[in-house]
Amino acid sequence: MIQEAIIRYLRKHRQESLSPKAVLFDMDGVLYDSMRFHAQAWYEVATLHQLTSRLEDFYMFEGRTGESTINELYQRTLQRDATVEERQAIYKEKADLFNTYNDGTPMTGAAEVLKEVEASQLRRLVVTGSGQHSLIDKLNHTYPGHFNREKMVTAFDVRYGKPHPEPYLMGLRKADAKPNEAFVVENAPLGVEAAVAAEIFTIAVNTGPLPDQILLDAGADLLYPDMKSLANDWRRIMALAKSTRLKEYAD
Ligand code: CA
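Counting of residues starts from 1 at the beginning of each chain's written sequence and follows it residue by residue. Per-residue local features of the predicted model are confined to residues with pLDDT of at least 70, and side-chain atom pairs are confined, for both listing and counting, to 80 or more; whole-chain, interface and lining totals are unaffected and use all residues. As a rule here, side-chain values come from all non-hydrogen atoms in the structure, and water together with hydrogens is ignored.

Draft legend 1. Just the domain arrangement of the chain, in detail. Under the domain assignment, the chain is made up of domain 1 (2-33 + 108-249) and domain 2 (35-101). Domain ranges listed in this record stem from an automatic or a database domain assignment. The distance between the C-alpha centroids of domain 1 and domain 2 comes to 26 Å. The partner domain 2 presents 13 residues to the 14 residues of domain 1 that form the contact. Contact with domain 2 buries area across many residues of domain 1, yet D28, D33 and L190 alone supply 37% of it, more than any other trio. The salt bridge definition used is simple: a Lys or Arg side-chain nitrogen within 4 Å of an Asp or Glu carboxyl oxygen. Of the charged contacts, one joins D33 and R36 as a salt bridge, the two residues approaching to 3.4 Å between their closest N and O atoms. Its residues assigned to classes, the side of domain 1 that touches domain 2 shows six nonpolar, four polar and four charged. Two residues qualify as a contact provided that any one of their heavy atoms is within 4.5 Å of a heavy atom in the partner residue. Accessible area that two parts lose when put together, evaluated with a 1.4 Å probe and summed over both, is termed the buried area. For this scheme, ten residues count as nonpolar: Ala, Val, Leu, Ile, Met, Phe, Trp, Tyr, Cys and Pro. Four count as charged, namely Asp, Glu, Lys and Arg, and the remainder, Gly too, count as polar.

Draft legend 2. Just the layout of surface pockets, in detail. Volume-wise, the largest pocket comes out at about 970 Å³. Cavity means a closed set of points on a 1 Å grid over the protein atoms alone, one where a 1.4 Å probe fits but cannot get out, pocket means an open set with protein on both sides within 12 Å along at least 5 of 7 lines, and lining means a residue has an atom within 4 Å of a point. As for the largest pocket, its lining consists of 40 residues, and the residues nearest its centre are G66, Y91, G129, S130 and G131. Looking at the lining of the largest pocket, the elements that each hand over two or more residues are α2 (35-48), α3 (57-61), α4 (66-78) and α5 (84-101). No other element matches the eight residues that α5 contributes to the lining of the largest pocket. Tallied by class, the residues present in the lining of the largest pocket amount to 14 nonpolar, 15 polar and 11 charged. In this structure, the lining of the largest pocket is formed jointly by two domains, domain 1 (2-33 + 108-249) and domain 2 (35-101), each of which donates at least three residues. Quantified by volume, the second largest pocket comes out at close to 200 Å³. Around the second largest pocket sit Q132, H133, L135, I136, R149, E150, M152, T154, F156, D157 and K174, which together line it. A breakdown of the residues in the lining of the second largest pocket according to their chemical character gives four nonpolar, three polar and four charged. Grid points are joined across faces, edges and corners, and a volume is the space filled by probe spheres set on the points. Numbering goes from the N terminus for both helices and strands, where a helix is a DSSP run of H or I of at least four residues and a strand is a run of E of at least two.

Draft legend 3. Structural context of empty space enclosed by the protein. Per the counting criterion, the structure on display carries two cavities of 30 Å³ or more. Class assignment for the residues of the lining of the largest cavity results in five nonpolar, three polar and one charged. In this structure, the second largest cavity encloses a volume near 30 Å³. Taken together, Y32, D33, S34, N102, G104, T105 and K138 make up the full set of residues lining the second largest cavity. Classifying every residue of the lining of the second largest cavity by side-chain character gives one nonpolar, four polar and two charged.

Draft legend 4. Spatial organisation of the environment of Y101. Note that Y101 resides in helix α5. In this structure Y101 touches F37, Q40, A41 and E44, once residues within four positions along its chain are discounted.

Draft legend 5. Examining the coordination of the calcium ion more closely. Around the calcium ion, the donor atoms from the protein are D26 (OD), D28 (O), E62 (OE) and N187 (OD1), and they sit 2.1 to 2.3 Å away. In primary sequence terms, the donor set of the calcium ion follows D-x1-D-x33-E-x124-N. Taken together, the positions of D26 in the loop between β1 (22-25) and α2 and E62 in the loop between α3 and α4 put the pair 36 residues apart, joining distant regions of the chain. The rule for donors is simple: N, O or S, within 2.8 Å of the metal, or within 3.2 Å if the metal is Na, K or Ca. Water isn't counted, so a site may look like it is missing partners.

Draft legend 6. Representation of the pattern of salt bridges. Under the criterion given, the structure shown has 19 salt bridges. Notably, a salt bridge pairs R54 with E56, separated by 3.8 Å at the nearest N-O pair. Working definition: with a 1.4 Å probe on protein chains only, accessible area under 20% of the residue-type maximum means buried, over 50% means exposed, and in between means partly exposed. Using a relative accessible area of 37% as the deciding quantity, one classes E56 as partly exposed. The salt bridge involving R76 is made with D57; its shortest N-O contact spans 2.8 Å. With R76 in helix α4 and D57 in helix α3, this pair connects stretches of sequence that are 19 residues apart. Using a relative accessible area of 6% as the deciding quantity, one classes D57 as buried. Put simply, R54, E56, D57, E72 and R76 are held in one network by salt bridges that share partners.

Structure (C-alpha coordinates):
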(Lines give C-alpha, C1' and ligand atoms only; values in the text may rest on other atoms or scores of the structure.)
Protein backbone atom coordinates (compact mmCIF):
# COMPACT_ATOMS: atom_id res chain seq x y z
CA MET A 1 0.00 0.00 0.00
CA ILE A 2 2.87 2.39 0.79
CA GLN A 3 4.63 1.56 -2.46
CA GLU A 4 1.42 2.00 -4.46
CA ALA A 5 1.02 5.42 -2.89
CA ILE A 6 4.58 6.36 -3.82
CA ILE A 7 4.12 5.23 -7.43
CA ARG A 8 0.84 7.14 -7.65
CA TYR A 9 2.58 10.27 -6.32
CA LEU A 10 5.50 9.94 -8.78
CA ARG A 11 3.14 9.51 -11.74
CA LYS A 12 0.94 12.42 -10.73
CA HIS A 13 3.81 14.84 -10.18
CA ARG A 14 6.01 13.52 -13.03
CA GLN A 15 8.91 12.66 -10.77
CA GLU A 16 11.24 9.70 -11.27
CA SER A 17 11.86 9.10 -7.58
CA LEU A 18 11.65 10.48 -4.07
CA SER A 19 14.84 11.63 -2.38
CA PRO A 20 14.02 12.26 1.31
CA LYS A 21 15.74 15.23 2.95
CA ALA A 22 13.16 16.96 5.14
CA VAL A 23 9.84 16.49 6.91
CA LEU A 24 7.49 19.45 7.30
CA PHE A 25 5.23 19.06 10.31
CA ASP A 26 1.97 20.86 10.87
CA MET A 27 1.62 21.75 14.57
CA ASP A 28 -1.94 21.74 16.03
CA GLY A 29 -3.42 18.26 15.75
CA VAL A 30 -0.03 16.77 14.75
CA LEU A 31 2.57 17.77 17.36
CA TYR A 32 0.08 18.97 20.00
CA ASP A 33 -3.28 17.59 21.00
CA SER A 34 -4.74 21.10 20.82
CA MET A 35 -7.37 21.09 18.09
CA ARG A 36 -10.23 20.31 20.45
CA PHE A 37 -9.36 23.50 22.39
CA HIS A 38 -9.22 25.59 19.20
CA ALA A 39 -12.56 24.17 18.03
CA GLN A 40 -14.21 24.70 21.43
CA ALA A 41 -12.91 28.29 21.69
CA TRP A 42 -14.07 29.15 18.15
CA TYR A 43 -17.48 27.58 18.72
CA GLU A 44 -18.12 29.42 21.98
CA VAL A 45 -17.03 32.80 20.66
CA ALA A 46 -19.05 32.37 17.45
CA THR A 47 -22.14 31.42 19.44
CA LEU A 48 -21.66 34.38 21.78
CA HIS A 49 -21.65 36.67 18.71
CA GLN A 50 -24.73 34.89 17.30
CA LEU A 51 -22.77 33.60 14.32
CA THR A 52 -24.02 30.32 12.88
CA SER A 53 -21.67 27.38 13.40
CA ARG A 54 -21.31 23.78 14.53
CA LEU A 55 -18.35 22.46 16.49
CA GLU A 56 -17.17 20.25 13.60
CA ASP A 57 -17.06 23.25 11.22
CA PHE A 58 -13.87 24.34 12.93
CA TYR A 59 -12.16 21.05 12.08
CA MET A 60 -13.08 21.69 8.44
CA PHE A 61 -11.75 25.30 8.66
CA GLU A 62 -8.54 24.19 10.41
CA GLY A 63 -5.49 25.73 8.75
CA ARG A 64 -7.27 28.84 7.48
CA THR A 65 -6.22 32.22 8.80
CA GLY A 66 -8.34 33.63 11.64
CA GLU A 67 -9.48 36.38 9.28
CA SER A 68 -10.79 33.91 6.73
CA THR A 69 -12.61 31.85 9.38
CA ILE A 70 -14.32 34.93 10.82
CA ASN A 71 -15.34 36.19 7.37
CA GLU A 72 -16.82 32.77 6.57
CA LEU A 73 -18.94 32.92 9.74
CA TYR A 74 -20.13 36.45 8.89
CA GLN A 75 -20.89 35.51 5.30
CA ARG A 76 -23.01 32.51 6.22
CA THR A 77 -24.85 34.38 9.01
CA LEU A 78 -25.07 37.97 7.74
CA GLN A 79 -24.04 37.65 4.05
CA ARG A 80 -21.16 40.09 4.50
CA ASP A 81 -17.51 40.11 5.58
CA ALA A 82 -16.66 41.13 9.14
CA THR A 83 -15.36 44.65 9.67
CA VAL A 84 -11.77 45.07 10.83
CA GLU A 85 -13.01 45.88 14.35
CA GLU A 86 -15.27 42.83 14.47
CA ARG A 87 -12.46 40.65 13.23
CA GLN A 88 -9.95 41.92 15.75
CA ALA A 89 -12.40 41.62 18.65
CA ILE A 90 -13.48 38.09 17.79
CA TYR A 91 -9.95 36.90 17.09
CA LYS A 92 -8.74 38.24 20.43
CA GLU A 93 -11.65 36.65 22.33
CA LYS A 94 -10.99 33.33 20.62
CA ALA A 95 -7.23 33.48 21.32
CA ASP A 96 -7.84 34.36 24.99
CA LEU A 97 -10.31 31.52 25.43
CA PHE A 98 -7.99 29.07 23.65
CA ASN A 99 -5.16 30.06 25.98
CA THR A 100 -7.27 29.37 29.06
CA TYR A 101 -8.28 25.92 27.70
CA ASN A 102 -4.98 24.83 26.14
CA ASP A 103 -2.96 22.60 28.45
CA GLY A 104 -0.03 22.06 26.04
CA THR A 105 -0.52 18.29 25.86
CA PRO A 106 1.79 16.80 23.22
CA MET A 107 0.15 14.54 20.62
CA THR A 108 0.54 10.90 21.60
CA GLY A 109 3.15 9.26 19.38
CA ALA A 110 4.57 12.55 18.00
CA ALA A 111 7.83 12.21 19.96
CA GLU A 112 8.26 8.71 18.50
CA VAL A 113 7.72 10.03 14.96
CA LEU A 114 10.32 12.77 15.53
CA LYS A 115 12.77 10.21 16.87
CA GLU A 116 12.31 8.04 13.78
CA VAL A 117 12.68 11.04 11.47
CA GLU A 118 15.86 12.07 13.26
CA ALA A 119 17.19 8.51 12.98
CA SER A 120 16.56 8.64 9.23
CA GLN A 121 18.68 11.84 9.18
CA LEU A 122 16.03 14.15 7.78
CA ARG A 123 15.62 17.83 8.66
CA ARG A 124 12.57 18.63 10.77
CA LEU A 125 10.54 21.82 10.28
CA VAL A 126 7.23 23.18 11.55
CA VAL A 127 4.76 24.81 9.14
CA THR A 128 1.83 26.28 11.03
CA GLY A 129 -0.83 28.95 10.67
CA SER A 130 -0.46 29.66 14.36
CA GLY A 131 0.75 33.09 15.41
CA GLN A 132 1.71 32.45 19.02
CA HIS A 133 4.84 34.46 19.83
CA SER A 134 6.45 31.90 22.13
CA LEU A 135 6.02 29.03 19.68
CA ILE A 136 9.67 28.03 19.35
CA ASP A 137 10.17 28.05 23.14
CA LYS A 138 7.15 25.81 23.51
CA LEU A 139 8.42 23.45 20.80
CA ASN A 140 11.91 23.33 22.29
CA HIS A 141 10.44 22.52 25.67
CA THR A 142 8.25 19.67 24.39
CA TYR A 143 10.56 18.34 21.68
CA PRO A 144 14.12 19.38 22.63
CA GLY A 145 16.70 19.41 19.83
CA HIS A 146 14.29 18.93 16.93
CA PHE A 147 13.40 22.43 15.73
CA ASN A 148 15.03 25.81 15.38
CA ARG A 149 13.66 29.30 14.98
CA GLU A 150 15.05 29.94 11.47
CA LYS A 151 13.51 26.74 10.14
CA MET A 152 9.88 27.51 10.92
CA VAL A 153 6.95 28.91 8.99
CA THR A 154 4.29 30.60 11.13
CA ALA A 155 1.39 33.04 10.67
CA PHE A 156 3.97 35.87 10.66
CA ASP A 157 5.75 34.56 7.56
CA VAL A 158 2.93 34.07 5.12
CA ARG A 159 0.32 36.11 3.38
CA TYR A 160 -2.14 33.36 2.57
CA GLY A 161 -3.27 30.60 4.88
CA LYS A 162 -3.79 26.98 3.94
CA PRO A 163 -5.22 25.65 1.57
CA HIS A 164 -2.97 28.02 -0.43
CA PRO A 165 0.37 26.23 -1.06
CA GLU A 166 2.40 29.27 0.11
CA PRO A 167 3.14 28.02 3.66
CA TYR A 168 4.48 24.71 2.39
CA LEU A 169 6.37 26.32 -0.52
CA MET A 170 8.06 28.55 2.04
CA GLY A 171 8.73 25.46 4.17
CA LEU A 172 10.49 23.86 1.20
CA ARG A 173 12.67 26.96 0.76
CA LYS A 174 13.59 27.00 4.44
CA ALA A 175 14.34 23.27 4.30
CA ASP A 176 16.40 23.83 1.13
CA ALA A 177 14.45 20.97 -0.43
CA LYS A 178 12.58 20.32 -3.67
CA PRO A 179 9.01 18.95 -3.53
CA ASN A 180 10.17 15.35 -4.12
CA GLU A 181 12.73 15.71 -1.32
CA ALA A 182 10.19 16.46 1.41
CA PHE A 183 7.28 14.90 3.27
CA VAL A 184 4.41 16.66 5.00
CA VAL A 185 2.59 15.38 8.08
CA GLU A 186 -0.87 16.98 8.35
CA ASN A 187 -4.15 16.35 10.17
CA ALA A 188 -6.51 18.84 8.49
CA PRO A 189 -8.25 18.70 5.08
CA LEU A 190 -7.15 22.24 4.12
CA GLY A 191 -3.60 21.51 5.30
CA VAL A 192 -3.50 18.39 3.12
CA GLU A 193 -4.78 20.46 0.17
CA ALA A 194 -2.03 23.04 0.73
CA ALA A 195 0.71 20.40 0.88
CA VAL A 196 -0.61 18.57 -2.19
CA ALA A 197 -0.79 21.90 -4.07
CA ALA A 198 2.89 22.38 -3.17
CA GLU A 199 3.45 18.94 -4.80
CA ILE A 200 4.86 17.36 -1.64
CA PHE A 201 4.22 13.73 -0.62
CA THR A 202 1.56 14.19 2.06
CA ILE A 203 0.94 11.92 5.02
CA ALA A 204 -2.38 12.57 6.75
CA VAL A 205 -2.86 11.58 10.38
CA ASN A 206 -6.52 11.62 11.35
CA THR A 207 -6.33 12.77 14.96
CA GLY A 208 -9.71 14.56 14.92
CA PRO A 209 -13.41 13.72 14.52
CA LEU A 210 -13.72 14.00 10.71
CA PRO A 211 -14.20 10.91 8.51
CA ASP A 212 -11.02 9.53 6.87
CA GLN A 213 -12.52 10.06 3.43
CA ILE A 214 -12.34 13.86 3.77
CA LEU A 215 -8.55 13.65 4.14
CA LEU A 216 -8.27 11.21 1.24
CA ASP A 217 -10.48 13.44 -0.92
CA ALA A 218 -8.20 16.36 -0.05
CA GLY A 219 -5.43 14.38 -1.76
CA ALA A 220 -3.50 12.68 1.08
CA ASP A 221 -0.97 10.18 -0.29
CA LEU A 222 -1.03 8.07 2.88
CA LEU A 223 -3.40 8.03 5.86
CA TYR A 224 -2.75 6.92 9.43
CA PRO A 225 -5.18 6.88 12.37
CA ASP A 226 -2.60 8.34 14.78
CA MET A 227 1.04 9.38 15.16
CA LYS A 228 2.00 6.14 16.89
CA SER A 229 1.10 4.03 13.85
CA LEU A 230 3.01 6.46 11.62
CA ALA A 231 6.06 6.04 13.88
CA ASN A 232 5.76 2.26 13.57
CA ASP A 233 5.72 2.49 9.75
CA TRP A 234 8.34 5.22 9.32
CA ARG A 235 11.31 3.00 8.46
CA ARG A 236 9.26 1.10 5.89
CA ILE A 237 8.09 4.36 4.29
CA MET A 238 11.68 5.63 4.08
CA ALA A 239 13.04 2.37 2.70
CA LEU A 240 10.39 2.34 -0.04
CA ALA A 241 10.78 6.08 -0.70
CA LYS A 242 14.50 5.59 -1.33
CA SER A 243 14.20 2.44 -3.43
CA THR A 244 11.15 3.04 -5.65
CA ARG A 245 11.94 4.20 -9.21
CA LEU A 246 9.04 5.03 -11.50
CA LYS A 247 10.69 3.54 -14.60
CA GLU A 248 10.55 0.10 -12.98
CA TYR A 249 6.77 0.42 -12.83
CA ALA A 250 6.00 1.65 -16.34
CA ASP A 251 2.53 0.56 -17.46
CA1 CA B 1 -3.39 21.02 12.11
